[in-house]
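# Structure assessment
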Amino acid sequence: MEKEVLQGYATRVTQANRSELVVIVIEAALASIEEGRTCLDCGNIDDARKEIERAKGLIEELMRSLDMKYTISHYLRQLYIYAYRELCQGIAKRDSSLFKHSFDVLNGLLPSFEEVAKQDNSAPVMANTEQIYAGLTYGRGSLNETTAMTGNLNRGFEA
């Protein structure tokens, strides 16, 4: 995954609440799976392995974030385990068609989590971060990102 894409995910994480974080993790996992599939199909095993390891790590994070006191968490965990296993088998067998199974599972869950995120009005998980504002500038089709601090100007750790 390109550095700019990773930076975009990092920027979104700073502004996200708990529900939006799940959406971001799923989107990042989908992008890594797709990139891994492309690399494997082109014969670039090392880059494919790196992307699939990233996707596996993101799926592990999804599993760790489940609250197992809810019944649906048990079902989601089984789906995540299946997606993780398919990624492992795909990279071991060097068969990118197995990545499609993982991609389909996560892609099927994404709209539901996006709907939950739309309804979640809680505050961002990370406090004391920069507010990011982006918009089209006078330049044709160019996007200009600006940051503006609101409230406390003391960034970083607060004692």
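These lines cover the structure that appears in this document, whether it is placed above or below. (Residues numbered from 1 in each chain as written. Predicted model: local features only at pLDDT ≥ 70, side-chain atom pairs only at ≥ 80, totals over all residues. Heavy atoms only, no water.)

## Observations regarding the overall build of the chain
- The secondary structure content of the chain amounts to five helices and two strands.
- Each helix and strand of the chain, ordered N terminal to C terminal, gives the series α-α-α-α-α-β-β.
- Sorting the 159 residues of the chain into buried and exposed places 30% on the buried side.
- Partitioning the contacts of the chain with sequence separation of at least 6, the portion at a separation of at least 24 is 55%.
- On the chain, roughly 10,300 Å² of surface is accessible, and the fraction owed to carbon and sulfur atoms is 53%. (Helix = DSSP H or I, 4+ residues; strand = E, 2+ residues; numbered from the N terminus. Buried < 20%, exposed > 50% of the residue type's maximum accessible area, 1.4 Å probe, protein only. Contact = heavy atoms within 4.5 Å. Areas by Shrake-Rupley, 256 points an atom, 1.4 Å probe, with all protein chains shown as cover.)

## A closer look at the nonpolar core
- Residues Ile26, Leu62, Tyr80, Leu87, Phe99, Leu106 and Phe113 are the most contacted members of the largest nonpolar core, which totals 32 residues.
- Counting residues per element, the ones that place at least two in this core are helix H2 (18-41), helix H3 (45-64), helix H4 (71-93) and helix H5 (97-119).
- The greatest single-element share of this core, amounting to eleven residues, is contributed by H2.
- Discounting residues that sit within four places of it in the chain, Phe113 has contacts with Val22, Val23, Ile26, Leu76 and Tyr80. (Core = buried A, V, L, I, M, F, W, Y, C linked by side-chain atoms within 4.5 Å.)

## Some remarks on the layout of surface pockets
- Within this model, the largest pocket holds a volume of roughly 620 Å³.
- Lining the largest pocket are 18 residues, and of these Val22, Ser65, Leu66, Asp67 and Phe113 lie nearest its centre.
- In terms of residue count, H2 provides more of the lining of the largest pocket than any other element does, five residues in total.
- Classifying every residue of the lining of the largest pocket by side-chain character gives twelve nonpolar, three polar and three charged. (1 Å grid on protein atoms, 1.4 Å probe; cavity = no way out; pocket = protein on both sides within 12 Å on 5 of 7 lines; lining within 4 Å. Points joined across faces, edges and corners; volume = space filled by probe spheres on them. Nonpolar A, V, L, I, M, F, W, Y, C, P; charged D, E, K, R; others polar.)

## Examining the environment of Leu79
- Along the chain, Leu79 turns up in helix H4.
- Along the sequence, Leu79 and Ser102 sit 23 residues apart, while their C-alpha atoms lie 8.9 Å from each other.
- Ignoring any residue separated from it by four or fewer positions in sequence, one finds Leu79 in contact with Val105 and Leu109.

## Thoughts on a nonpolar patch on the surface
- A cluster of nonpolar residues, Tyr70, Ile72 and Tyr75, forms a patch on the protein surface that exposes about 390 Å² of accessible area.
- You can see Tyr70 is positioned in the loop between H3 and H4. (Patch = residues over 30% accessible without salt bridge, like charges linked within 9 Å, V, L, I, M, F, W, Y side chains within 5 Å. Salt bridge = Lys/Arg side-chain N within 4 Å of Asp/Glu carboxyl O.)

## Observations regarding unusual backbone geometry
- Positive phi, normally seen in glycine, also occurs at Arg94, with a value near 55°.
- Mapped onto the elements, Arg94 comes out in the loop between H4 and H5.

## Structural notes on the pattern of salt bridges
- The tally for this structure, following the rule as stated, stands at seven salt bridges.
- The salt bridge partner of Glu51 is Arg54, with a shortest N-O separation of 3.0 Å. Of this pair, Glu51 and Arg54 both sit in helix H3, three residues apart, which is roughly one turn of the helix.
- A relative accessible area of 2% places Glu51 in the buried class.

## Structural notes on the packing of H2 against H5
- Where H2 meets H5, the closest approach of the two axes is 9 Å, and the angle between their N-to-C directions is 155°. It follows from the interaxial angle that H2 and H5 lie roughly antiparallel. Our pair here, H2 against H5, has a crossing hand that is left-handed.
- In terms of residue class, the contact of H2 with H5 is made up of 14 nonpolar, four polar and five charged. (Axes fitted to C-alpha atoms, helices over the stretch in contact; angles between N-to-C directions. Parallel < 35°, antiparallel > 145°, perpendicular 65-115°, else oblique. Left-handed = near helix turned anticlockwise from the far one by under 90°.)

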